[in-house]
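Architecture at a glance
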Amino acid sequence: MIVPHTPSPRAVTKAVIPAAGLGTRFLPATKATPKEMLPVVDKPAIQYVVEEAAAAGLDDVLMVTGRHKRAIEDHFDNAFELEQALAAKGDTVRLDAVRDPARLARIHHIRQGEPLGLGHAVLCARRHVGDQPFAVLLGDDLIDPRETLLSRMLDVRGRHAGSVVALMEVPPEQIHLYGCAAAQATGEDGVVRVTGLVEKPSREDAPSRYAVIGRYVLDPAVFDTLERTPPGRGGEIQLTDALRELAADGTVHGVVFDGLRYDTGDKADYLRTVVRLACDRDDLGPEFTTWLKEFVAGLDEGTGPGRRPLAA
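Since the model is a prediction, treat every value here as computed from it, not as a measurement.

Attention shifts here to the packing of aromatic side chains. Taken as a whole and judged by the stated rule, the model has four aromatic pairs. With a centroid separation of 5.8 Å and an interplanar angle of 25°, the aromatic rings of Phe288 and Trp291 are classed as stacked. Residue Phe288 and its partner Trp291 are located together in helix 11 (residues 285–301), separated by three residues, close to a single helical turn. Of the residues examined, Trp291 reaches a relative accessible area of 44% and is grouped as partly exposed. Measuring from ring centre to ring centre gives 5.0 Å for Trp291 and Phe295, while their planes differ by 20°; the resulting arrangement is stacked. Taken together, the positions of Trp291 and Phe295, both in helix 11 and four residues apart, correspond to about one turn of that helix. Judged by its relative accessible area of 24%, Phe295 falls in the partly exposed class. Members of the aromatic cluster, each reached through a chain of ring pairs, are Phe288, Trp291 and Phe295. Here Lys43 stacks its cationic end above the ring of Tyr48, 4.5 Å away from the centre of that ring.

Tallied over the entire structure, the rule returns 26 salt bridges. As a salt-bridge pair, Glu227 and Arg126 come within 3.4 Å of each other at their nearest N and O atoms. Here Arg126 lies in helix 6 (residues 126–129) and Glu227 lies in helix 8 (residues 221–227), a separation of 101 residues in the sequence. Its relative accessible area of 29% is what places Arg126 among the partly exposed residues.

Here we come to the confidence of the model for the protein chain. The predicted model of the protein chain averages 90 in pLDDT, with 94% of residues at 70 or higher. Contacts of residues 1–8 to residues separated by more than four positions or lying in other chains number zero contacts, the stretch itself having pLDDT below 50.

Attention now moves to the pairing of strand 9 (residues 179–185). Looking at chain direction, strand 9 and strand 10 (residues 191–199) are connected through seven bridges and run antiparallel. Looking at the pairing, Gly179 lines up with Glu199 of strand 10. Connecting strand 9 to the antiparallel partner strand 10 that follows it, the hairpin turn spans five residues, and Gly187 within it adopts a positive phi of roughly 85°.

Rules used throughout
Residues numbered from 1 in each chain as written. Predicted model: local features only at pLDDT ≥ 70, side-chain atom pairs only at ≥ 80, totals over all residues. Heavy atoms only, no water. Phe/Tyr/Trp six-rings, centres within 6.5 Å; stacked < 30°, edge-to-face > 60°. Helix = DSSP H or I, 4+ residues; strand = E, 2+ residues; numbered from the N terminus. Buried < 20%, exposed > 50% of the residue type's maximum accessible area, 1.4 Å probe, protein only. Lys NZ or Arg CZ within 6 Å of the ring centre and 35° of its normal. Salt bridge = Lys/Arg side-chain N within 4 Å of Asp/Glu carboxyl O. pLDDT = per-residue confidence, 0-100. Contact = heavy atoms within 4.5 Å. Pairing = 2+ DSSP bridges.

In structure tokens:
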């Protein structure tokens, strides 16, 4: 008896990074500078996201940008004059740092003509993605480089097909800040079946404490669903609404993440991110950590910088 072969789901090689937001939470810094280009130590936030995609084997990256985002395109392009100047000086360390962004992946750009929401931004990628599964990485969410969240999600997609979302348990008082997933256990550690999704529910209406964070691996079926998804919360086309429809068919899984994540879309979290990653650096950490301890000790004693009397 010949057993028919069932093809495995197609490998994921493409990533989409929505980067068209106005960055209003960081005004006036983002009046002329894309929020994705704000430095986290010495690299713009969006470079960490592209590095994460590349580390997971996604070598084709589409950035969905908007007006006044040209700096993002320039950052991931070659800078011949700067490279020549550094090469002439023999400054190979900085030369590699300048060249690295353009070497991470094949990077493409498309503009989202109108700010119609995350779902619309994903829909803008349809022609580039075609009928292939793809990942979506939000630029505000940085996952620590030592974590393997995206690789785990790709593995779940490979075994179950359909779409996969990243979930994180948050305190009930914070659930209104996120999309929230209703979920069922699968018997597999850290993997759940998503049965429903609600965009930014109240604490009372939240079906769980599972918040959807900014990593997705999506089946191309999401495009047809997005096409017929009406504007939802905030008058925008919500990716959460489209995924809720797919989840009703049992084709959405969640990977529960309990590792290190940094939200650079919030001012306080942005500052914490810079401090944490600076402390982790071999070249900066020891000196910076020593200074930080002294600074905090001074604050506790009321003698820290900014609290000393000005010299006469």
